[in-house]
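Chain by chain, the residues run as shown.
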Amino acid sequence: MREFFHRRLERSAIGFVLAIIGVSAIGGFVEIAPLFTINETVEKAPDMRVYTPLELAGRNIYIREGCYACHSQMIRTLRDEVERYGPYSLAVESKYDHPMLWGSKRTGPDIARLGGKYSDAWHVAHLINPRDVVPQSVMPKYGWLMRNELKVDDLGLHLAAQRKVGVPYTDAMIANATADAFGQASPDGPYAGGVSERYGEATNVRAFDGEPGRLTEMDAVVAYLQVLGRLTDAAHSQSAAAGK
Amino acid sequence: MIATLTVEERQRAIAVSAFLALCGVIMAIAGRDDLLGTHGVIVLLFGLGGIGLVLSKYFEPEPPQERLSHYYDDPTKVGIVLSLGWAVVGMFFGVWVAALLAWPDLTFDAAWASFGRLRPVHTSGVIFGFGGNALIATSFHVLQRTSRARLPDQFSPWFVLLGYNLFCVLAASGYLMGLTQSKEYAEPEWYADIWLVVVWVVYFLIYIRTLQRRKEPHIYVANWYYMAFILVVAVLHIVNNLAVPVSFGHAKSYSLFSGVQDAMTQWWYGHNAVAFFLTAGFLGMLYYYLPKRAGRPIFSYRLSIISFWGITFMYMWAGSHHLHYTALPQWVQTLGMTFSVVLLVPSWASAGNALATLNGAWDKVRDDATLRFMMVAAVFYGLSTFEGSFMAIRAVNSLSHYTDWTVGHVHAGALGWVAMITFGSLYALVPWMWKVERMYSPKLIEVHFWLALAGTIIYVFAMWNSGIIQGLMWRTYNDSGTLAYSFIDSLVAMHPYYISRTIGGLLFLIGAIVAAYNVWMTIRMARSQAAGTAEADRPVLHGAGAALQPGE
Amino acid sequence: MEFDYHSLVGFAKSWGLFYLIALAIGVLIYALWPSNRARFDRAKKSILDKDDRPGD
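What you are looking at is a predicted structure, and each value in this text was computed from that prediction instead of being measured.

Cut-off values and rules
Residues numbered from 1 in each chain as written. Chains lettered and ligands numbered in written order. Predicted model: local features only at pLDDT ≥ 70, side-chain atom pairs only at ≥ 80, totals over all residues. Heavy atoms only, no water. Helix = DSSP H or I, 4+ residues; strand = E, 2+ residues; numbered from the N terminus. Rg over C-alpha atoms; globule rule 2.2 N^0.38 Å. Buried < 20%, exposed > 50% of the residue type's maximum accessible area, 1.4 Å probe, protein only. Contact = heavy atoms within 4.5 Å. Areas by Shrake-Rupley, 256 points an atom, 1.4 Å probe, with all protein chains shown as cover. Lys, Arg positive; Asp, Glu negative; His and termini not counted. Charge placed at Lys NZ, Arg CZ, Asp CG, Glu CD. Core = buried A, V, L, I, M, F, W, Y, C linked by side-chain atoms within 4.5 Å. Axes fitted to C-alpha atoms, helices over the stretch in contact; angles between N-to-C directions. Parallel < 35°, antiparallel > 145°, perpendicular 65-115°, else oblique. Nonpolar A, V, L, I, M, F, W, Y, C, P; charged D, E, K, R; others polar. Phe/Tyr/Trp six-rings, centres within 6.5 Å; stacked < 30°, edge-to-face > 60°. Lys NZ or Arg CZ within 6 Å of the ring centre and 35° of its normal. Domains from an automatic or database assignment. Buried area = accessible area lost by both parts, 1.4 Å probe. Salt bridge = Lys/Arg side-chain N within 4 Å of Asp/Glu carboxyl O. Polar contact = N/O pair within 3.5 Å; in protein donor to acceptor, adjacent residues only side chain to side chain. Expected span 1.5 Å × (residues − 1). Arc of directions from axis to C-beta. UniProt positions renumbered as here; feature names shortened; annotations may be inferred.

A description of the overall build of chain B should follow, citing residues and the corresponding values.
The helix and strand inventory of chain B stands at 18 helices and two strands. Over its C-alpha trace chain B gives a radius of gyration of 24 Å, about what one expects of a compact globule, namely 24 Å for 552 residues. Reported as C-alpha extents along the three principal axes, the dimensions of chain B are approximately 95 × 65 × 45 Å. Looking at chain B as a whole, 65% of its 552 residues qualify as buried. Expressed as a percentage of contacts within chain B between residues at least 6 apart in sequence, the contacts between residues at least 24 apart total 82%. A total of about 19,000 Å² of accessible surface is found on chain B, and carbon and sulfur atoms cover 71% of it. Between the centroid of the 33 positive side chains of chain B and the centroid of its 30 negative side chains there is a distance of 7 Å.

An account of the nonpolar core is requested, with residue identities and associated values reported.
Within the largest apolar cluster, 204 residues are counted, with the highest numbers of intra-cluster contacts made by B:W417 and B:F423. Here this core takes 21 residues from helix α8 (residues 259-294) of chain B, the largest share from any one element. When residues no more than four places from it in sequence are discounted, the contact partners of B:W417 are B:L278, B:T279, B:F282, B:L283, B:L286, B:A377, B:F380, B:Y381 and B:A412. With 58 residues, the next largest nonpolar core counts A:Y68, A:V165, A:A185 and A:L228 among its residues.

Break down the packing of helix α9 (residues 177-185) of chain A against helix α10 (residues 192-199) of chain A for me, citing the residues and quoting the values.
Residues and elements named next belong to chain A. Packing of α9 against α10 brings their axes to within 7 Å, and their N-to-C directions diverge by 105°. As judged from the angle between their axes, α9 and α10 are roughly perpendicular. Contact residues: D180, G183 and Q184 in α9; A192, G194, V195, R198 and Y199 in α10. Along the lines of polarity and charge, the residues of the contact of α9 with α10 split into three nonpolar, three polar and two charged.

Can you explain the packing of aromatic side chains? Please cite residues and give values.
Enumeration over the complete set of coordinates arrives at 54 aromatic pairs over all chains. Aromatic side chains B:Y288 and B:Y289 sit 5.1 Å apart centroid to centroid with 85° between the ring planes, which places their arrangement in the edge-to-face category. The class for B:Y288 is buried, based on a relative accessible area of 2%. On the accessibility criterion, B:Y289 (0% relative accessible area) is buried. Measuring from centroid to centroid gives 6.3 Å for B:Y289 and B:W432, while their planes differ by 20°, and the two rings are stacked. Of the two residues, B:Y289 is situated in helix α8 and B:W432 in helix α15 (residues 404-433); the sequence distance between them amounts to 143 residues. Classification of B:W432 by relative accessible area gives partly exposed; the value is 31%. Here the aromatic cluster, defined as three or more aromatic residues joined through ring pairs, consists of B:F128, B:F140, B:Y164, B:F167, B:W200, B:Y203, B:Y207, B:Y226, B:F229 and B:F277. Positioned over the ring face of B:Y477 is A:R79, at 4.0 Å from the centre of the ring. A cation over an aromatic ring shows up here: A:R106 above the ring of B:Y402, its NZ or CZ 3.7 Å from the ring centre.

Tell me about the domain arrangement of chain B, and please be specific about residues and values.
Residue and element names in this part refer to chain B. In terms of domains, chain B is made up of domain 1 (1-60) and domain 2 (73-477 + 485-526). Summarising the inter-unit geometry, the C-alpha centres of domain 1 and domain 2 are found 30 Å apart. In this assembly, 20 residues from domain 1 lie in contact with 21 residues from domain 2. Taking both sides of the interface into account, the surface hidden between domain 1 and domain 2 amounts to around 1,800 Å²; carbon and sulfur atoms contribute 73%. Ranking the residues of domain 1 by area buried against domain 2 places M1, H39 and F46 at the top, with a combined share of 29%. Our count for the domain 1 to domain 2 interface comes out at one salt bridge. Our count for the domain 1 to domain 2 interface comes out at six residue pairs in polar contact (both at pLDDT 80 or more). Within the residue set of the side of domain 1 that touches domain 2, elements represented by two or more residues are α1 (7-30) and α2 (35-56). Taken together, the residues that form the side of domain 1 that touches domain 2 break down as 12 nonpolar, five polar and three charged.

Report on the packing of α8(B) against helix α11 (residues 344-358) of chain B, specifying residues and quantitative values.
All names here are of chain B. The N-to-C vectors of α8 and α11 enclose an angle of 10°; their axes lie 10 Å apart at closest approach. Considering their axes alone, α8 and α11 lie roughly parallel with respect to each other. Across the interface between the two elements, L283, L286, Y287, L290 and A294 of α8 pack against S350, N353, A354, T357 and L358 of α11. The residue inventory of the contact of α8 with α11, partitioned by class, reads seven nonpolar, three polar and no charged.

Quick rundown of helix α3 (residues 74-102) of chain B? Include the residues and the values.
Because each turn of an α-helix spans 3.6 residues, side chains separated by three or four positions in sequence point in the same direction. Compared with the 42 Å implied by 1.5 Å per residue over 29 residues, the 43 Å span of α3(B) between its first and last C-alpha is a close match. Most of α3(B) sits inside the fold, with 22 of its 29 residues counted as buried.

So what's going on with the pattern of salt bridges? Residues and values would help.
Counted under the stated rule, the structure contains 31 salt bridges over all chains. The salt bridge partner of A:D110 is A:R106, with a shortest N-O separation of 3.3 Å. Across the pair, A:R106 and A:D110 agree in class, each one buried. With its nearest N and O atoms 3.9 Å apart, the salt bridge here joins A:R147 to B:D109. Of this pair, A:R147 sits in helix α6 (residues 144-147) while B:D109 sits in the loop between α3 and α4 (115-147), on two different chains. Taken together, the salt bridges that share partners define one network made up of A:R64, A:E65, A:E217 and B:R117.

Residue-level account of helix α2 (residues 37-46) of chain C, with values.
Residues of α2(C) that are buried: C:F40, C:A43, C:K44 and C:S46. Buried positions in α2(C), seen along its axis, are confined to an arc of 160° and lie on one side of it. Turning to α2(C), the residues buried within the fold contact α9 (301-314) of chain B together with α1 (5-32) of chain C.

How would you summarise the UniProt feature "binding site: heme b 2; high-spin" (unreviewed entry) in chain B if you had to cite specific residues and measurements?
Residues and elements named next belong to chain B. The sites that UniProt annotates as "binding site: heme b 2; high-spin" (unreviewed entry) are H409. Secondary-structure assignment places H409 in helix α15. If we ignore the near neighbours within four places in the chain, the residues touching H409 are S384, E387, G388 and M391.

Go over the interface of chain B and chain A with me, naming the residues and quoting the values.
Much of the literature gives interface size as the accessible area that the parts lose upon coming together. With 93 residues of chain B at the interface, the matching set in chain A holds 82 residues. Run the count over chain B and chain A and you get five salt bridges. In this structure, the salt-bridge partner of B:D404 is A:K105, at a minimum N-O distance of 3.0 Å. Run the count over chain B and chain A and you get 26 residue pairs in polar contact (both at pLDDT 80 or more). The dominant element in the side of chain B that touches chain A, judged by the number of residues it contributes, is α8(B), at 10 residues. A per-class count over the side of chain B that touches chain A returns 52 nonpolar, 27 polar and 14 charged.

If you want it as structure tokens, here you go:
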């Protein structure tokens, strides 16, 4: 009898655990599961390209420094946002973003369409001391980006890991990742040609930090900032079509 | 502490510490060219520290069998101290990052001291360090009392508590070095995440093993909330942190999800971290310590059950309100908004239940700052859940999102609800744990109460003002139909509010320091009292008792 | 049946609601069931017991 009673108690504790998991998990599952089939309905963007190794390295530095805590990369479908920042963000634009950097707070402005808005020199000066360029800014200084050499020897591994989670990097891209990182930041060097060949003619190939001889973290970050919103024209062409 | 472990448990502790140290060595070697190596060294030191700690007391006599007729509270005591330590550290970083927005050059041009790296130290420090340790410490206490059963063994609670703190140390040190997944409130990298899963499984097993051995037929409702906290946080943590490391020698990993799926998963996690870490767990505290301190049973037990299932069910749907007007499909946004609004019902049921419990004991609330902490916590819980439901409405959210209003809302909940209920519970718990009549200084509790309340109100009002001004400036048009303000105009307008929020945060930090001092002095007071009675009571028996033990 | 986006969305919208209602009814029945009253009353008073030792 005692034994039976004890077992009943055990069962009720475990039943309780299952009830909590059941009641809570189903809600999230029902809501999230359909999103994994969203690619069927999402906008088409055949011109969408992947990040170059240099841009990906820059993106990782952007993450490392916690830039996403103050800058969003998601323009909402509101009139004032579209007028301030540009065409609203489409789902397809961040489909290669592992993880997404939509952000949740704008202590600084949204930068989803920052690419091409300012010169490389402006970005370099701004990152070294934001208050040299925008006197009222409260952004931290990032002087060490200019001092630190960029770590490039393992970029192939990074691209391979990205491929594992679904980004379509080719074998050639992975094999040439390190060379492409150098090439993109030294337009007159021997590796520059391969970058446009693998990532498209529209790819920015420049000495982003102003010093073609050195590959710094500044090169990577500026390369990344200059490609924001430029991986596809889908958002611009959609808003142009809507304008007509 | 070590002397209370049996010899077998001491051996187990050494074995586990040695295994941990080995993991540290492997990480240090595999990640020698990477920051992973630095973390390997930290893990190694932690493991060696564990071995050293146990070895220093290894040859002490076994604890007497008589221990089994008491509750096992040593991990709770250490958890309380750790929690207050993290509170001071986490809030200090909070004041620092707040000051950085008013005076951006307080970084000494050092990478580790820039805003983006300090901010997660603040958020993880207060949520996981302060809140998490307080939850673990109080859950062990509540679990044993409400089950009338001792913890199942004496090693696994230490594993959970210290293992969890290793996770917190890896998290905070990682951010300063630049290691982060960038997922808010889930920043630690893959190896720290795996370690937390191991710790969490043991935590769950302690809970279920104690519940199975309980002497009460019914599981008291506080345990329901603690259980929901443990279980759902496990599910959230595992799903949101799914990632592929660059290699086993790299700290860096890439999230399995991307774009819109990642955003939804992240805010499903993010919002339910609020729900099940910062709400369910602390409601567990509320449902035990508030009736206990007031000396009155909870107003309606039935209401507590109904609101429990309401919260457990509905929160999971609400995360998408973080993504209104984004590229997330609109039906998901609408679903999230609807559930967020309905959530007000169980939330207010809980807050009302707590306040109704105090009805008839208002004289105690007036005289006892500890109980007043809990009362104010319930009020702030009610206020911030109302605000949360309000802000989840799409039209409101279009104004509030991306602004300081969100920050203000979070802090109304974090300072007003989470921290207040924690401080109230700890002030009630500390004298019980160290077996003294009362806290060292009731006056200092009073001082802390007013510092905390003033700090919270200043902070929240500053952020309401700045958030709404910001939101309005961004969408204001002038007569010619163009935007009236540049972004930098709105930033300049924030300056006075950023200063006042720093002051509010500073008051709250000073309050936490006062609490830490008060608890520390209470422990010292308990020690000197215990030493006094021990000498007076049993100068001879002490030796005799030790000699008797092997025969027991 | 195919698990495409629209059918999953339809499922989420309709069955989610039924699930909510069914769960709410279940919880209300459990909480208000007359014979559970004694259990709950005992539970809510049990924590105020002064004895700070494990039960036998």
